[in-house]
Amino acid sequence: MIIILLHVTGDHYNATKLISRSSIFKARNKSEPRITSLRTSKVSMDVDLEVGKQLYLGMDFGTSGARYALIDKEGCIRAEGKKEYPLYMSEETVDWVRSWRTTLFALLEDIPISLRPYIGSVSIDGTSATTIIVDSKTGEPLCRPFLYNQSCPEALPIVKAIAPPNHTVCSGSSTLCKLVSWWSSLNTTKIAAVLLHQADWLLWLLHGKLGVSDYNNALKVGYDPEVESYPPWLLSQPYSRVLPLVQAPGTTIGSMKESIRTKFGFPKDCVVCTGTTDSIAAFLAARANQPGKAVTSLGSTLAIKLLSTRRVEDARFGVYSHRLDDKWLVGGASNTGGAVLRNFFTDDQLEKLSEQINSAEASPLDYYPLQDIGERFPVADPKMEPRLLPRPESDVEYLHGILESIARIEAKGYNLLKELGATPVEEVFTAGGGSKNKKWISIRERVLGLPVRRALQTEAAYGAALLAMKGAAQ
Ligand SMILES: Nc1ncnc2c1ncn2[C@@H]1O[C@H](COP(=O)(O)OP(=O)(O)O)[C@@H](O)[C@H]1O
Ligand SMILES: O=C(CO)[C@H](O)[C@H](O)COP(=O)(O)O
């Protein structure tokens, strides 16, 4: 069923086509992929897209699914869509590489054919420290990817022995710990390998030049964005030869591969640009450009980013700084967040139960909502246990307690950044799936004691599209 909605804006109209949910089907047995693919795309086919006008494609590969946003020079969204990841099972675990590759091309298929010839550039953001080590000739993975929140504690003593005290890499979930874990594992064939991040590998599928990353994704493997190089203590390690080249986010890497360009109908001059991480893309989307402005991403996880004139990092608390041009995005990412909510409530239940919450009243319930054991920020403790009991009779009270407890973790995070010397936060914008929850925003305003609002653009894919626009202008 396709619904065409016509709405008139100014002197022209936008036909917005909502493509309804595609059929949802389940695998008949393990060998077949269990695909629950929910496809929703929105297209604004504006009649005044002049010939020669360029569009910019951003794709966000988050924790639970991927999205795209197609914008024009003025930043207007011309098309957008999203897909949940198909969960291909192999040896009892998800084959994430196959899922991400399938989702990438499914998103490209979703882009309206009429708009593809206008796409001048593409960029992608992915989850930070999600690490894929690939064969440097074929680009095929040499082992399963290490996911963003996966910890390799056995590598931590080795990393702490070479890195400066409390350096960003001194966390079990850092990319460097994952690299050291791979390098140290006996059954690792040390053939010519390259380390890529999730966004790097997806972009490689489009441009074909192996071994290129950006200085946001490369931060947690040890790259120093201030001096724009890997530090000597890292370059002197035997595994440093697998490290990727690093560019600024939104830098043109090269033209889109001819085979992909012709398959999907992209123009000859379509270029592929370096990406970033999902929470930085969400910050870019919010367009908060003054020190003291911050963005909290309420996605599957809670990630906070505060624009600061001063760089701060301290692995004891999971605090690090990403570079944003001549300033610093200080923050960290907690394992609390929406994924915990999804364990108890569907999105519809979240909406209906939240309406019944009195956000002006503090919840007496004190939880630490985690999906599993381990926390990254504002306490870096791989052994931290989830705390989600006692559960009251009322689901409204339970949800209120969880939302308020996540807000307290967010407040603890911002207070910690101030104590460590970052520019004090003045205003918080909200991105991610949780940003639609007005009651949660008012709970957070009360707990943080700050103005909190929903960002104008809440999707990281929009931030990735802004990077594509930046790359096209080079
Ligand atoms: N009304 C709501 N209130 C609070 N959280 C919500 C609501 N609707 C969705 N969410 C949360 O949003 C999360 C998905 O956000 P999203 O930004 O898509 O995550 P990610 O990109 O990290 O997968 C889910 O974990 C879900 O719990
Ligand atoms: O938790 C995450 C999953 O969505 C984030 O990708 C990540 O941890 C945030 O990291 P960064 O601050 O490097 O962007």
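Nothing here was measured: the structure is a model prediction, and the numbers come from that model. (Residues numbered from 1 in each chain as written. Chains lettered and ligands numbered in written order. Predicted model: local features only at pLDDT ≥ 70, side-chain atom pairs only at ≥ 80, totals over all residues. Heavy atoms only, no water.)

Before going further, it helps to spend a moment on the packing of aromatic side chains. For the coordinates displayed, the defined rule picks out 12 aromatic pairs. Geometrically, the ring pair formed by Phe 105 and Phe 264 is stacked, given 6.2 Å between the ring centres and 10 degrees between the ring planes. Of this pair, Phe 105 sits in helix 1 (residues 96–110) while Phe 264 sits in helix 6 (residues 258–264), and the two are 159 residues apart along the sequence. Residue classification places Phe 264 among the buried residues on the basis of a relative accessible area of 3%. Measuring from centroid to centroid gives 6.0 Å for Trp 183 and Tyr 239, while their planes differ by 70 degrees, and the two rings are edge-to-face. Linking Trp 183 in helix 3 (residues 175–184) with Tyr 239 in the loop between helix 5 (232–235) and strand 13 (245–247), this pair joins segments that are 56 residues apart in sequence. (Phe/Tyr/Trp six-rings, centres within 6.5 Å; stacked < 30°, edge-to-face > 60°. Helix = DSSP H or I, 4+ residues; strand = E, 2+ residues; numbered from the N terminus. Buried < 20%, exposed > 50% of the residue type's maximum accessible area, 1.4 Å probe, protein only.)

Let us now look at the sheet that holds strand 19 (residues 320–324). Read from one edge to the other, the open sheet built from 6 strands follows the order 19-20-18-17-21-22, with strand pairing classed as mixed. Both outer strands of the open sheet, strand 19 and strand 22 (452–454), are each paired with one neighbouring strand and no more. The sheet shows a mean angle of 25 degrees between the axes of neighbouring strands, taken without regard to direction. Relative to strand 21 (residues 427–431), strand 17 (residues 293–298) runs parallel, the two being bridged by 5 bridges. (Pairing = 2+ DSSP bridges. Axes fitted to C-alpha atoms, helices over the stretch in contact; angles between N-to-C directions.)

What follows deals with the UniProt feature "domain: Carbohydrate kinase FGGY C-terminal" (unreviewed entry) in the protein chain. Using the residue numbers shown here, the UniProt feature "domain: Carbohydrate kinase FGGY C-terminal" (unreviewed entry) corresponds to residues 319–470. The span residues 319–470 shows a helical share of 41% and a strand share of 14%, and its end C-alpha atoms are spaced 28 Å apart. (UniProt positions renumbered as here; feature names shortened; annotations may be inferred.)

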